[in-house]
Amino acid sequence: MSKSNRTTQEWQAADARHFLHPFTDFKGLAAKGSRIISKADNIYLWDSEGHKILDGMSGLWCVNVGYGQQSLIEAAAKQMAELPFYNAFFQTATMPAIELAEVLAEISPPGFEHVFFTGSGSEGNDTIVRMVRRYWDLKGSPERQIIIGRINGYHGSTMAGASLGGMSGMHAQGGLPIPNISHIEQPHWFEHGQDMSREDFGLKAAGWLEEKILALGADKVAAFIGEPVQGAGGVIVPPSTYWPEIQRICDKYGILLVSDEVICGFGRTGNWFGCETMGFKPDLMTFAKGVSSGYIPLGGVLVGARVAKVLIEEGGEFNHGFTYSGHPTACAVALANLKLLREQHVVEHVRDDIGPYLAQRFAELNEHPLVGETQSCGMMAALQLVKGKTPDKPTGTAFASELEVGMICRKYCFANGLIMRAVGDRMIVAPPLVMTRTQIDEMMGLIRRCLDQTWEELSQSGLL
Ligand SMILES: *Cc1c(COP(=O)(O)O)cnc(C)c1O
């Protein structure tokens, strides 16, 4: 029943009738009509009207090797023909899952020898909650229940993921967070630290964790979770002093440290894991997205020695798992993806060449009258839209949030064939790791044009 000869309008109508999209105002989208994406190659997408779009977001922070990679496609086809699915529940295993666990142990920081597979990042963070609490039970400290996350952190959209995250819009729906989750403010210098140096602010922001631990009672706190660099919150790169101080505080109170590597893992920051770039040693790491470059859903938890030892040697049965934990086809695709990253030295490409180049090109945007701050880390970058920059206040003044200046800029991105995301008035990119310098130049040209057009519109509306 091929329907590929439908017009865009027909697709949009069917979409509006039946498909409830994630994080979407259903009625608003139905009135407007979705953009239908129909194919992709390398870093480009095409919509159903034939428009070519540069994908500055790697799908959704995941298509790190770009589209159309033959070895991933073939790995899926081969595995599906041989054994599309078998579970790992009842004392069985499949070869791709075993092999992927082995490779993950090889590329992870020292001490990470074990992995628990899930189908997504959210399920990975649900697993974190189960595992952390199980660990403290087994250690004879069941009162250690509380997990501390951060305001504006993102850890997924299941009950546990949304609770660990600090998105106020999510907490406002469905009675979240669940009990025994607490939050501290994010290490966002532009918003909270402009009266001090970035380094001093990093120490101050980490100090909020110690204050929270003391307020809750150290013997009640099980773990702290954070993204090395906040992604969905707006590519917020913490000061270099932040994570080492967080580590010191967790160590001081014996609290487990969890790194949510769903975006930062697998080369995004220029190392295999974001914690390596940010200089800390977590006990547990959540992963998803880039592990399979988004070609197929896969996630999980990498379990460091401290927790693994207790779970394995003293744990007995761990009553947790998913039908698709260790899905052989997903694992086969991930293996092909990691092989490609290794053989083509993609992580080194990000660290030594393309990451620094993106940083340099983004820093140049600070000259633009609309740009109050730029930040980047490996292949993720952000710019903050502001007005009224002066030599005394080069970071400018924020726009009133109801003006939705970020959405104005995003409108021009769409119109110019660039996917760049708006988080409030922060414009962000996280392009594929395999980009060339020429492609970065092309992207930067589009970004400049969008900024100029946004400036033009704001200026004509008298909003500057
Ligand atoms: C995307 C994301 C998740 C959730 O992953 P899903 O696969 O969407 O469930 C969790 N943590 C971080 C940091 C993410 O960016």
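Model, not experiment: these values are computed from the prediction. (Residues numbered from 1 in each chain as written. Predicted model: local features only at pLDDT ≥ 70, side-chain atom pairs only at ≥ 80, totals over all residues. Heavy atoms only, no water.)

S.K.: Which residues make up the overall build of the protein chain, and what values go with them?
M.R.: Looking only at helices and strands, the protein chain features 17 helices and 15 strands. Relative to its length of 464 residues, the protein chain is compact, with a C-alpha radius of gyration of 22 Å against a globular reference of 23 Å. Based on the C-alpha atoms only, the size of the protein chain along its principal axes is roughly 70 × 60 × 45 Å. Here the protein chain holds 464 residues, and the buried ones make up 54% of them. Residue pairs in contact within the protein chain that sit at least 24 positions apart in sequence constitute 70% of those at least 6 positions apart. For the protein chain, the accessible area works out to roughly 20,300 Å², and carbon and sulfur atoms hold 54% of it. When the 40 basic and 51 acidic side-chain charges of the protein chain are each reduced to a single mean position, those positions are 3 Å apart. (Helix = DSSP H or I, 4+ residues; strand = E, 2+ residues; numbered from the N terminus. Rg over C-alpha atoms; globule rule 2.2 N^0.38 Å. Buried < 20%, exposed > 50% of the residue type's maximum accessible area, 1.4 Å probe, protein only. Contact = heavy atoms within 4.5 Å. Areas by Shrake-Rupley, 256 points an atom, 1.4 Å probe, with all protein chains shown as cover. Lys, Arg positive; Asp, Glu negative; His and termini not counted. Charge placed at Lys NZ, Arg CZ, Asp CG, Glu CD.)

S.K.: If you had to explain the nonpolar core to someone new, which residues and values would you point to?
M.R.: Leu104, Phe224, Phe266, Phe362, Leu383 and Ile447 are the most contacted members of the largest nonpolar core, which totals 110 residues. In terms of nonpolar packing, the next biggest core, distinct from the first, is built from 24 residues, Ala160, Ala222, Ala223 and Phe318 among them. (Core = buried A, V, L, I, M, F, W, Y, C linked by side-chain atoms within 4.5 Å.)

S.K.: Describe in detail the sheet that holds strand S11 (residues 371-377), supporting the description with residues and values.
M.R.: Hydrogen bonds along the backbone pair up the strands of a sheet, which may run parallel or antiparallel. Sheet architecture is open: four strands sit in the order S11-S12-S15-S14, paired in antiparallel fashion. For this open sheet the edge positions go to S11 and strand S14 (421-423), each flanked by a neighbour on one side alone. Along the sheet, successive strands turn relative to each other by an average axial angle of 25 degrees, direction set aside. Looking at chain direction, S14 and strand S15 (residues 426-429) are connected through three bridges and run antiparallel. Bridging across to S15, arginine 421 finds its partner in isoleucine 428. (Pairing = 2+ DSSP bridges. Axes fitted to C-alpha atoms, helices over the stretch in contact; angles between N-to-C directions.)

S.K.: Can you tell me about the site of the ligand, naming the residues and giving the values?
M.R.: Surrounding the ligand, one finds Ser120, Gly121, Ser122, Asn125, Tyr154, His155, Gly156, Glu227, Asp260, Val262, Ile263 and Lys289. Side-chain polar atom of aspartate 260 to a nitrogen atom of the ligand: 2.8 Å apart, as the coordinates give it. Here lysine 289 contributes a side-chain N or O atom positioned 2.7 Å from an oxygen atom of the ligand. Here the ligand has 380 Å² of accessible area as a free molecule, and 83% of this is covered by the chains. Sort the elements by how many residues they give to the shell around the ligand and helix H6 (residues 121-138) lands first, with three residues. Residues of the shell around the ligand, tallied by class, amount to three nonpolar, six polar and three charged. (Near = heavy atom within 4 Å. Polar contact = N/O pair within 3.5 Å; in protein donor to acceptor, adjacent residues only side chain to side chain. Nonpolar A, V, L, I, M, F, W, Y, C, P; charged D, E, K, R; others polar.)

S.K.: Pulling in residues and values, what's your account of the layout of surface pockets?
M.R.: Rolled over the atoms, a probe as big as a water molecule pinpoints where empty space is left. One number sums up the size of the second largest pocket: a volume of about 890 Å³. Along the wall of the second largest pocket there are 30 residues; nearest its centre are Ala88, Val115, Phe116, Phe318 and His320. Those elements that place two or more of their residues in the lining of the second largest pocket are helix H5 (95-107), strand S4 (112-118), H6 and helix H13 (305-314). For the lining of the second largest pocket, the per-class residue count stands at 17 nonpolar, 11 polar and two charged. (1 Å grid on protein atoms, 1.4 Å probe; cavity = no way out; pocket = protein on both sides within 12 Å on 5 of 7 lines; lining within 4 Å. Points joined across faces, edges and corners; volume = space filled by probe spheres on them.)

S.K.: An account of the pairing of strand S8 (residues 256-260) is requested, with residue identities and associated values reported.
M.R.: Of all five residues making up S8, five are buried, and the element is well covered by its neighbours. Summarising the sheet, strand S7 (residues 221-226) and S8 pair through four bridges and their orientation is parallel. When the sheet's bridge partners are listed, phenylalanine 224 is paired in S8 with leucine 257. In this fold, the crossover linking S7 to S8 by way of helix H11 (residues 242-253) has right-handed handedness. (Right-handed = clockwise from strand over helix to strand, strands pointing away.)

S.K.: So what about the sheet that holds S4? Which residues, and what values?
M.R.: Taken in spatial order, the seven strands of this open sheet run S4-S10-S9-S8-S7-S5-S6, and their pairing is mixed. Sheet topology places S4 and strand S6 (181-184) at the edges, where each strand pairs with a single neighbour. Along the sheet, successive strands turn relative to each other by an average axial angle of 25 degrees, direction set aside. By the bridge criterion, four bridges tie strand S5 (residues 146-150) to S6 in an arrangement that is parallel. Bridge assignment links glycine 149 to a residue of S6, and that residue is histidine 183.

S.K.: Give a detailed account of the side chain of threonine 127, specifying residues and quantitative values.
M.R.: The residue threonine 127 is located in helix H6 in this model. Of the residues examined, threonine 127 reaches a relative accessible area of 0% and is grouped as buried. A polar contact of 2.8 Å, which involves the side chain of threonine 127, links it to the backbone oxygen of glutamate 123. A distance of 2.7 Å separates the side chain of threonine 127 from the side chain of histidine 320, its partner in a polar contact. The residues contacting threonine 127, other than those within four sequence positions of it, are Phe116, Thr118, Val301, His320 and Phe322.

S.K.: Pulling in residues and values, what's your account of the pairing of S7?
M.R.: Most of S7 sits out of view: six of its six residues are buried. With three bridges connecting them, S5 and S7 associate as parallel partners. Among the inter-strand pairings, isoleucine 148 is bridged to a residue of S7, identified as phenylalanine 224.

S.K.: Now, about the packing of aromatic side chains: what can you tell me, with residues and values included?
M.R.: Tallied over the full model, the rule gives 11 aromatic pairs. On the basis of an interplanar angle of 55 degrees and a centroid distance of 5.8 Å, the ring pair of phenylalanine 89 and phenylalanine 90 is categorised as tilted. With a centroid separation of 5.5 Å and 80 degrees between ring planes, the pair formed by tyrosine 242 and tryptophan 243 is classed as edge-to-face. Of the two residues, tyrosine 242 and tryptophan 243, both sit in the buried class. Through a chain of ring-to-ring contacts, the aromatic side chains of Phe224, Tyr242, Trp243 and Phe280 assemble into a single cluster. Positioned over the ring face of tyrosine 44 is lysine 52, at 4.1 Å from the centre of the ring. (Phe/Tyr/Trp six-rings, centres within 6.5 Å; stacked < 30°, edge-to-face > 60°. Lys NZ or Arg CZ within 6 Å of the ring centre and 35° of its normal.)

S.K.: An account of helix H16 (residues 405-415) is requested, with residue identities and associated values reported.
M.R.: Buried within H16 we find Val405, Gly406, Ile408, Cys409, Tyr412 and Cys413. Seen from one end, H16 has its buried residues packed into an arc of 160 degrees, which puts them on one side. Along its buried surface, H16 packs onto strand S12 (380-385), strand S13 (418-419), S14, S15 and helix H17 (437-460). Taken from the residues just after H16, glycine 417 is the one with a positive phi, measuring 75 degrees. (Arc of directions from axis to C-beta.)

Any functional reading would require information beyond the geometric quantities listed.
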